[in-house]
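# Observations on the three-dimensional arrangement
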Amino acid sequence: MKILAIETSCDDTSIAILENNIVISTVIYSQINEHKKFGGVVPEIASRIHSKKIFLLIEKALSDANINIKEIDKIAVTGGPGLIGTLQVGLIVAKTLSLILNIPFYIINHLEGHIYSAFIGEEESFIPLNAIFLIISGGHTIIGIKNKFEFKYLGETRDDAIGETYDKVAKIFNLPYPSGKYIDELLEYKEFDNLYDIPKVNLKNYDFSYSGLKTWMFNASKKEEYKKEKLLFSFQKQAIEQLFLKIEKAYKEFNINNLIIVGGVSSNSYLRKETKNRFKDKLNIFFPKKIYSTDNAAMIGYTYYLKRNKLKESLYSEDAKPNWKIE
Ligand code: KG4
Ligand code: ZN
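Quantities reported herein were computed from a predicted structural model and do not represent experimental measurements. (Residues numbered from 1 in each chain as written. Chains lettered and ligands numbered in written order. Predicted model: local features only at pLDDT ≥ 70, side-chain atom pairs only at ≥ 80, totals over all residues. Heavy atoms only, no water.)

## Examining the coordination of the zinc ion (ligand 2)
The coordination sphere of the zinc ion (ligand 2) contains the protein donors His 110 (NE2), His 114 (NE2) and Asp 295 (OD), at a distance range of 2.1 to 2.2 Å. Considering all four donor atoms around the zinc ion (ligand 2), angles at the metal cover 92 to 146° and the coordination shape is irregular. For Asp 295, a relative accessible area of 14% gives the class buried. (Donors = N, O, S within 2.8 Å, 3.2 Å for Na, K, Ca; no water. Tetrahedral: all angles 85-135°; square planar, octahedral: opposite > 155°, others 65-115°. Buried < 20%, exposed > 50% of the residue type's maximum accessible area, 1.4 Å probe, protein only.)

## Observations regarding the site of ligand 1
The full set close to ligand 1 counts 19 residues, and Gly 138, Asp 167, Asp 184, Gly 264 and Asn 268 are the nearest of them. Gly 163 is positioned such that a nitrogen or oxygen atom in its backbone is 3.1 Å from an oxygen atom of ligand 1. Within the backbone of Gly 264, one N or O atom sits 3.0 Å away from an oxygen atom of ligand 1. For ligand 1, the protein covers 88% of the area, taking 560 Å² as the surface of the free molecule. Secondary-structure elements contributing two or more residues to the shell around ligand 1 are helix H4 (110-117), helix H5 (162-172) and helix H6 (179-187). Here the element with the most residues in the shell around ligand 1 is H5; it accounts for four residues. Here the residues of the shell around ligand 1 sort into two nonpolar, twelve polar and five charged. (Near = heavy atom within 4 Å. Polar contact = N/O pair within 3.5 Å; in protein donor to acceptor, adjacent residues only side chain to side chain. Areas by Shrake-Rupley, 256 points an atom, 1.4 Å probe, with all protein chains shown as cover. Helix = DSSP H or I, 4+ residues; strand = E, 2+ residues; numbered from the N terminus. Nonpolar A, V, L, I, M, F, W, Y, C, P; charged D, E, K, R; others polar.)

## Some details on empty space enclosed by the protein
Under the defined criterion, the tally for this structure stands at one cavity of 30 Å³ or more. Quantified by volume, the largest cavity comes out at close to 40 Å³. Forming the boundary of the largest cavity are Pro 199, Val 201, Ser 209, Leu 213, Gln 238 and Gln 242. Tallied by class, residues from the lining of the largest cavity come to three nonpolar, three polar and no charged. (1 Å grid on protein atoms, 1.4 Å probe; cavity = no way out; pocket = protein on both sides within 12 Å on 5 of 7 lines; lining within 4 Å. Points joined across faces, edges and corners; volume = space filled by probe spheres on them.)

## Describing the nonpolar core
With 44 residues, the main nonpolar core has Met 217 and Leu 232 as its most contacted residues. Dropping the residues within four chain positions of it, Met 217 is found in contact with Val 169, Ile 172, Phe 173, Ile 198, Leu 231, Leu 232 and Phe 235. Within the second largest apolar cluster, 34 residues are counted, among which are Ile 108, Ile 142, Tyr 304 and Tyr 305. (Core = buried A, V, L, I, M, F, W, Y, C linked by side-chain atoms within 4.5 Å. Contact = heavy atoms within 4.5 Å.)

## Side note on the pairing of strand S4 (residues 74-80)
Taken across its seven residues, S4 has six buried, putting it largely inside the fold. One ladder, built from four bridges, connects strand S1 (residues 2-7) with S4; its direction is parallel. Residue pairing across strands places Ile 3 opposite Lys 74, the latter belonging to S4. Where S4 lies against strand S5 (residues 105-109), five bridges are found, and the strand directions are parallel. In the strand pairing of S5, Ala 76 is matched with Tyr 106. Tracing the backbone out of S4, into helix H3 (residues 84-101) and back to the parallel element S5 gives a crossover that is right-handed. (Pairing = 2+ DSSP bridges. Right-handed = clockwise from strand over helix to strand, strands pointing away.)

## Examining the packing of H5 against H6
Orientation of H5 relative to H6, taken along the N-to-C sense of each, is 75°, at an axis distance of 8 Å. Classified by the angle their axes make, H5 and H6 are roughly perpendicular. Here Tyr 166, Asp 167 and Ala 170 of H5 lie close against H6, whose contacting residues are Ser 179, Gly 180 and Ile 183. Each residue belonging to the contact of H5 with H6 can be placed in one class, and the counts come to three nonpolar, two polar and one charged. (Axes fitted to C-alpha atoms, helices over the stretch in contact; angles between N-to-C directions. Parallel < 35°, antiparallel > 145°, perpendicular 65-115°, else oblique.)

## A short note on the layout of surface pockets
In this structure, the second largest pocket spans a volume of roughly 240 Å³. Along the walls of the second largest pocket sit 13 residues, with Glu 188, Lys 190, Phe 233, Tyr 270 and Lys 273 positioned nearest its centre. Those elements giving two or more residues to the lining of the second largest pocket turn out to be H6, helix H8 (228-254) and helix H9 (269-279). Examining the composition of the lining of the second largest pocket, we find that four residues originate from one element, H9, more than from any other. Its residues placed into classes, the lining of the second largest pocket shows four nonpolar, two polar and seven charged.

## As for the environment of Glu 248
The residue Glu 248 is located in helix H8 in this model. Sequence spacing of Glu 248 and Lys 282 is 34 residues, and the spatial spacing of their C-alpha atoms is 9.9 Å. With residues near it in sequence (within four places) discarded, Glu 248 still touches Arg 278, Phe 279 and Lys 282. Here the side chain of Glu 248 touches Lys 282 through a polar contact of 3.3 Å, side chain to side chain.

## Brief notes about the pattern of salt bridges
One pass over the structure, following the stated rule, counts 13 salt bridges. For Glu 19, the salt bridge is made with Lys 2, and the minimal N-O distance between the two is 2.9 Å. In this pair, Glu 19 sits in strand S2 (residues 12-19) while Lys 2 sits in strand S1, placing the two residues 17 residues apart along the sequence. With relative accessibility at 17%, the residue Lys 2 sits in the buried group. Here Arg 278 ties to Glu 241 by a salt bridge, and the two come within 3.1 Å at their closest N and O atoms. Here Arg 278, found in helix H9, pairs with Glu 241, found in helix H8; they are 37 residues apart in sequence, far enough to count as distant. Look at Arg 278 and you get partly exposed, because its relative accessible area is 32%. (Salt bridge = Lys/Arg side-chain N within 4 Å of Asp/Glu carboxyl O.)

Okay, here's the thing in structure tokens:
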């Protein structure tokens, strides 16, 4: 079965072709340069760029996979959550191709896509039935429990997402965009003694909060006593420590021994290293390949493949769902 997958939920236009669970080709146009000067994604501009690029990317993905569009059997497309206008670009293209090629299309949840991104290429039997999952990206900070194909949220951020916090902190220091990756690479091989004492956040339940940390960083950036790189390292450690506290809590409460960490921030090298240091004796840890941490269509096609026997064909009347939850 050949699957054409489309992802346009934010600022990456991505197309992938899969043969069942295997990715044959994948292309991504990142709009970062177009949004850079605004310091964040401008939805209207994002929609226009998706419209401009999407068919060129479909042509490229098909030619990289060395197949004709008529060989495609199914279309998988992100339906949400995400920006309404950008989601609609992907959906209208999926519906049009479905109509012309006379093949079904399936609307897939972006967050489910992220969760399964950790297993792209694997057969279903490889995926743990029960796991704690953590989705950490520019738009989401969610911890929950996966039970077969069902998901339950334990907690979410009450204010900023962790990736958004990386981006905002970077802006305070005039660092280049995309910021999370930049901060990660800047600090990757550095070590610092006596890190700055940033107030710890540990809400009682499973929720997260990042706005206090951002404000603390803003105030610290004005004071000369703080050295920039050491300050950023202290920030990164605190931002990630909050995640670890909740993983620890969930692990103790639910006694589940699998952990899936996905989303743009999951490519962070400090996070990957420290997660292993902290949890490798207690938990089987699953991260996506770094190329599948950030938004991509391969995870959408792969999610369709895993759910193919449970999903109904989507209807032409179905629209984007910008706030679609998975629980
Ligand atoms: O999953 P994603 O591509 O898009 C959303 O669905 O939001 O995540 C993008 C976010 C951005 O906030 C970016 O700064 C952050 O992920 N990010 C990182 C790293 N790479 C991307 N944050 C920390 N370390 C990284 N290496
Ligand atoms: Zn995402």
